[in-house]
Amino acid sequence: MGTGVLSPARPPFPRLGGVLHCGSHSLEALADEHGTPLYVYDGDRALERLSTVRDAFRGPELLVAYSVKANPNLALLDLFARAGAGADIVSGGELYCALCAGIAAERVVFAGVGKTRDEMRQGLESGIRAFHVESAQELEVLGALASELGREAPVAVRVNPDVDSPTHAFTRTGHARAKFGVSPREALALYRRIADHPHLRAVGVDVHIGSQVREASPFLRALDVILDVAARAGRETGAAIEYVDLGGGFGIEDPVAGELDLPALGREVALRLQKASRPLQLVVEPGRFLVGDAGVLLTRVLYVKRSGGKTFVVTDAGMTELIRPSHYGGEHAITRVREGRQAPAEEVDIVGPVCEQGDFLARGRSLPLPSRGTLLCVHQAGAYAAAMASNYNSRPRAAEVLVHDGRAALVRRRERYSDLVRNERP
Ligand SMILES: *Cc1c(COP(=O)(O)O)cnc(C)c1O
């Protein structure tokens, strides 16, 4: 581990004296204080990752729009807001959260195939950077609303570049049969309509190909497609395109595959932008890359159970706290918080308490057998973990702690039973 400013990034959640830490805070102490299941975020790590993205795509005109859906906790949004980041949002709720946290509206881009009129109105009234329009009908509704409100709606068409990204079927969004975006051909037709509409203005071209993509080539193919659309929209419709948006999906470290080489991607992107016929701003929308490995989920072992020739480690966290393993086949490293006597490794399923056979954190893992009460750490749980949590089985949602600037703060209290019925009327 280096100490100089130029040393490689320190690994998050280091083991100090045999115990995992977040910064200088022992995860064991945090679990004792706040209970389990518990999400712990390293705010310094999240900001360091923001710098990594900025360095990789460095240039005078870069907008890093954090993809709020990865983790909408206000404390994280607040850190990104102070660091000057923007937001990539997919709902009116996310717009509300981003603005609450102080993210400037002119740095917010609004994606999603199903924006409602009310959500569009919210976006128009707050003055967001652009609507990333995904269909002809959506464009029509947005145009009508903008006329009604006497405003001009800034638009980027989300192009489906028909590139396949080697990732899970549920996170591949850039192939022709995905529900997202429109073909380059249809995009040009939409730019023509925008040019003819007094209350619509074309400002960008957008793409997002998927999540956990670890190769540069699908991004570059997608970029080539949108640069071509941008050039043609300019030539054929007179659109003054200001930016191209490469989307998010930058892959993070995986137990088998490595991490996407972001600096290498950045260099290739810069070369292509230099060749564009007019200067273009670059927008990127990282979610997982910023917060994925900046968070962990702490869970205690409730029981160890052998049945049907298998060994089950039953934990107090399950699909309600982390649905990625069962929904996307997500693989998360799971380690002890305190290094124990090394029991011989056994193959186990680590399962939650939820009444579903699909409720598991990991299957077929080789693990030194833990005992009742052992505190486990589920790694890379900063993205799409708390964000996708549910109250299924009437389980109150877990607490969230943020460590930043040496302090550990409870940034979301654990739900109480009364929270479960708060909106219900008998
Ligand atoms: C989900 C999403 C992202 C972020 O994806 P990550 O894999 O978390 O980086 C970016 N842009 C859009 C439009 C998205 O839907």
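## With respect to the packing of aromatic side chains
Under the defined criterion, the tally for this structure stands at six aromatic pairs. A centroid spacing of 4.6 Å and a plane angle of 45° characterise the contact between Tyr-66 and Phe-80, whose relative ring orientation is tilted. Linking Tyr-66 in strand β5 (residues 62-67) with Phe-80 in helix α3 (residues 74-82), this pair joins segments that are 14 residues apart in sequence. Residue classification places Phe-80 among the buried positions, given a relative accessible area of 0%. The positively charged end of Lys-115 is found above the aromatic ring belonging to Phe-110, 5.6 Å away from the centroid. Lying over the aromatic face of Phe-360, Arg-363 brings its terminal NZ or CZ to 4.0 Å of the ring centre.

## Here we look at the site of the ligand
Neighbouring the ligand are 14 residues, the closest being Lys-69, Ser-211, Glu-285, Arg-288 and Tyr-384. Take Gly-287: an N or O atom from its main chain is 2.9 Å from an oxygen atom of the ligand. For the ligand, the protein covers 94% of the area, taking 390 Å² as the surface of the free molecule. Mapping the ligand onto the cavity grids shows that it belongs to the largest pocket. Its residues placed into classes, the shell around the ligand shows three nonpolar, six polar and five charged.

## Description of the side chain of Asp-293
Here Asp-293 is to be found in the loop between α10 (288-291) and β13 (295-307). According to the relative accessible area criterion, Asp-293 is buried, its value standing at 13%. Polar side-chain contacts of Asp-293 include one of 2.7 Å to the side chain of Arg-45. The residues touching Asp-293, leaving out its near neighbours within four places in the chain, are Pro-12, Phe-13, Arg-45, Arg-49, Ile-252 and Gln-380.

## Some thoughts on the layout of surface pockets
Roughly 610 Å³ of internal volume is contained in the largest pocket. Lining the largest pocket we find 32 residues, and of these Lys-69, Val-90, Thr-173, Phe-180 and His-208 sit closest to its centre. Residue composition of the lining of the largest pocket, by class: eleven nonpolar, eleven polar and ten charged. Together, 20 residues line the second largest pocket, and Phe-57, Arg-58, Gly-59, Ala-270 and Leu-273 are the ones closest to its centre.

## What about the packing of helix α2 (residues 43-56) against helix α9 (residues 262-275)?
In the contact formed by α2 and α9, the axes pass within 8 Å of each other and the chain directions differ by 35°. Residue-level contacts link Thr-52, Val-53 and Ala-56 of α2 to Leu-262, Pro-263, Gly-266 and Arg-267 of α9. Tallied by class, the residues present in the contact of α2 with α9 amount to four nonpolar, two polar and one charged.

## Overview of the environment of Ser-67
Mapped onto the elements of the fold, Ser-67 is located in strand β5. Sequence separation between Ser-67 and Ala-87 is 20 residues, and the spatial gap between their C-alpha atoms is 5.9 Å. In contact with Ser-67, other than residues within four places in its own chain, are Asp-88, Glu-285, Pro-286 and Gly-287.

## So, helix α1 (residues 27-34)
Taken together, the buried positions of α1 are Leu-27, Leu-30, Ala-31 and His-34. Buried residues in α1, looked at end-on, bunch into an arc of 100°, giving them a common side. Residues Asp-32 and Glu-33 are exposed on α1 and point more than 90 degrees away from its buried face. N-capping of α1 is provided by Ser-26, with a side-chain oxygen placed 3.1 Å from the backbone N of Glu-28. Once α1 ends, the next one or two residues include Gly-35, with phi positive near 80°.

## Digging into the sheet that holds strand β1 (residues 15-16)
If you walk across this open sheet you meet the three strands as β1-β2-β3, and the pairing is antiparallel. Edge positions in the sheet fall to β1 and β3 (25-26), since each of these pairs with one other strand and no more. Where β1 and strand β2 (residues 19-22) come together, two bridges link them in antiparallel fashion. Paired with Leu-16 across the two strands is Val-19, which belongs to β2.

## Notes on the pairing of strand β12 (residues 281-284)
Walk down a regular strand and you will see the side chains alternate between the two sheet faces. Alternating residues of β12 divide into Gln-281 and Val-283 and Leu-282 and Val-284, and every residue in both groups is buried. When β5 meets β12, the two strands line up parallel, connected through three bridges. Across the sheet, the residue bridging to Leu-62 is Leu-282, located in β12. As defined by bridge partners, strand β11 (residues 243-245) adjoins β12 across three bridges and the pair is classed as parallel. Residue pairing in the sheet places Tyr-243 in a bridge with Gln-281 of β12.

Cut-offs used in this document
- Residues numbered from 1 in each chain as written.
- Predicted model: local features only at pLDDT ≥ 70, side-chain atom pairs only at ≥ 80, totals over all residues.
- Heavy atoms only, no water.
- Phe/Tyr/Trp six-rings, centres within 6.5 Å; stacked < 30°, edge-to-face > 60°.
- Helix = DSSP H or I, 4+ residues; strand = E, 2+ residues; numbered from the N terminus.
- Buried < 20%, exposed > 50% of the residue type's maximum accessible area, 1.4 Å probe, protein only.
- Lys NZ or Arg CZ within 6 Å of the ring centre and 35° of its normal.
- Near = heavy atom within 4 Å.
- Polar contact = N/O pair within 3.5 Å; in protein donor to acceptor, adjacent residues only side chain to side chain.
- Areas by Shrake-Rupley, 256 points an atom, 1.4 Å probe, with all protein chains shown as cover.
- 1 Å grid on protein atoms, 1.4 Å probe; cavity = no way out; pocket = protein on both sides within 12 Å on 5 of 7 lines; lining within 4 Å.
- Sits in = over half its atoms within 2 Å of the grid points.
- Nonpolar A, V, L, I, M, F, W, Y, C, P; charged D, E, K, R; others polar.
- Contact = heavy atoms within 4.5 Å.
- Points joined across faces, edges and corners; volume = space filled by probe spheres on them.
- Axes fitted to C-alpha atoms, helices over the stretch in contact; angles between N-to-C directions.
- Arc of directions from axis to C-beta.
- Pairing = 2+ DSSP bridges.

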